[in-house]
Amino acid sequence: MELDSLITLTTGITLLTCGLAVAGLHAYAMGKAQRQALVDRLSATGQIPQGVRRRRFPKLDRRLRATKPGRKLELRLAATGLDITPGEFFVYMMSTAAGLWLIGQAALAPFFGPIAGLLGIWAALQFLNWQRQKRIEKFINQLPELSRILANATQAGLALRTAIGMAAEELEAPAGEELGKVTNQLALGASLDEALDEMAERLPSRELVVLVTTLVLSNRAGGQVVGALRNLTETLEERKETRREVRTQLSQVNMTSYAVPVLGIGSLLLMNSVKEGALDRMTGSPFGQAAVIIAFGLYAVGFILIRRLSRIDV
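Residues numbered from 1 in each chain as written. Predicted model: local features only at pLDDT ≥ 70, side-chain atom pairs only at ≥ 80, totals over all residues. Heavy atoms only, no water.

Okay, the packing of aromatic side chains next. In the structure shown here, the tally under the stated rule is four aromatic pairs. With 5.8 Å between their ring centres and 80° between their planes, Phe 111 and Phe 112 make a pair best called edge-to-face. Like Phe 111, the residue Phe 112 is buried in the burial classification. Between Trp 122 and Phe 303, the ring centres sit 6.2 Å apart and the planes meet at 80°, which makes this aromatic pair edge-to-face. With Trp 122 in helix α5 (residues 112–155) and Phe 303 in helix α13 (residues 286–309), this residue pair connects regions lying 181 residues apart in the sequence. Among the aromatic residues, ring-to-ring pairing joins Phe 111, Phe 112 and Phe 296 into one connected group. (Phe/Tyr/Trp six-rings, centres within 6.5 Å; stacked < 30°, edge-to-face > 60°. Buried < 20%, exposed > 50% of the residue type's maximum accessible area, 1.4 Å probe, protein only. Helix = DSSP H or I, 4+ residues; strand = E, 2+ residues; numbered from the N terminus.)

Have a look at this one:
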């Protein structure tokens, strides 16, 4: 009797578990289908943009955005135009640093592991600066065309806000994206001065500051916007050619600044390949470790000095 009761109880619990599992799967499938139907309906009405990918590490991203360094990182990422969140960038950066740590420790010596990890973090931050500067340069090259479009639109009798919206539709990224943000801010009630000033803060450059100042002053004083934009277009075209010539002349100097630290790291690899374990013995003493740190510091100073001396503001 006891065995029959146990079998009956076990069978009942199993059937109940299977029933709950089926009910749970049915509820999950129904909820997923309803969510997808809602997303499709909102996408069809334009309330959700198409092609938006699913973000990774949302919890870490929310925590980072709540901190001051996270907000600064978010602004830097916004200026680069990269489709990546602060949480994703942080995870990728730390993963790269950990990988370089292991590679440096295995290929050279255990002492070089932390140095390689720090170099990975520095390289990731420098990549953001390079991407931001690249986007600024591309935006500067579009400024003559932007100024020309605004001049033609205002000469045709359109308001400055309408001209900015037209330029946002006609120009490619990054000018089209940035002007699209300005148009959205204007639609939400922001003033023209605030929207343009915020764009100038995201992509700081002398040319953009001159354009923004011209538009703001003309909008406030009600001056001749067309004439000012025509003159500004010619000036921007001349500055564009001058910047291109300066960049061409300094290309060899910029390559030298990158070759200096690469030669230093290459000499370490050559030393270790010629005599295996040489770096292990060298970094086994405090004097050797201090010499390596000083050498890396001198290479960094040389890189910075060459970059600073070759910088010409046009």
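What follows concerns the pattern of salt bridges. Applying the stated criterion across every chain yields a total of six salt bridges. Its salt-bridge partner being Glu 74, residue Arg 65 comes within 2.4 Å of it at the nearest N-O pair. On the accessibility criterion, Arg 65 (30% relative accessible area) is partly exposed. Taking the shortest distance from any N to any O, the salt bridge between Lys 181 and Glu 178 comes out at 3.8 Å. Taken together, the positions of Lys 181 and Glu 178, both in helix α7 (residues 175–187) and three residues apart, correspond to about one turn of that helix. Under the relative-accessibility criterion, Lys 181 is labelled partly exposed at 31%. A single salt-bridge network, built from bridges that share partners, covers Arg 135, Glu 177, Glu 178 and Lys 181. (Salt bridge = Lys/Arg side-chain N within 4 Å of Asp/Glu carboxyl O.)

So, on to the side chain of Thr 283. Among the secondary structure elements, Thr 283 is positioned in the loop between α12 (278–282) and α13. A relative accessible area of 5% places Thr 283 in the buried class. With near-sequence residues (within four places) excluded, Thr 283 lies in contact with Ala 109, Phe 111, Phe 112, Gln 289 and Val 292. (Contact = heavy atoms within 4.5 Å.)

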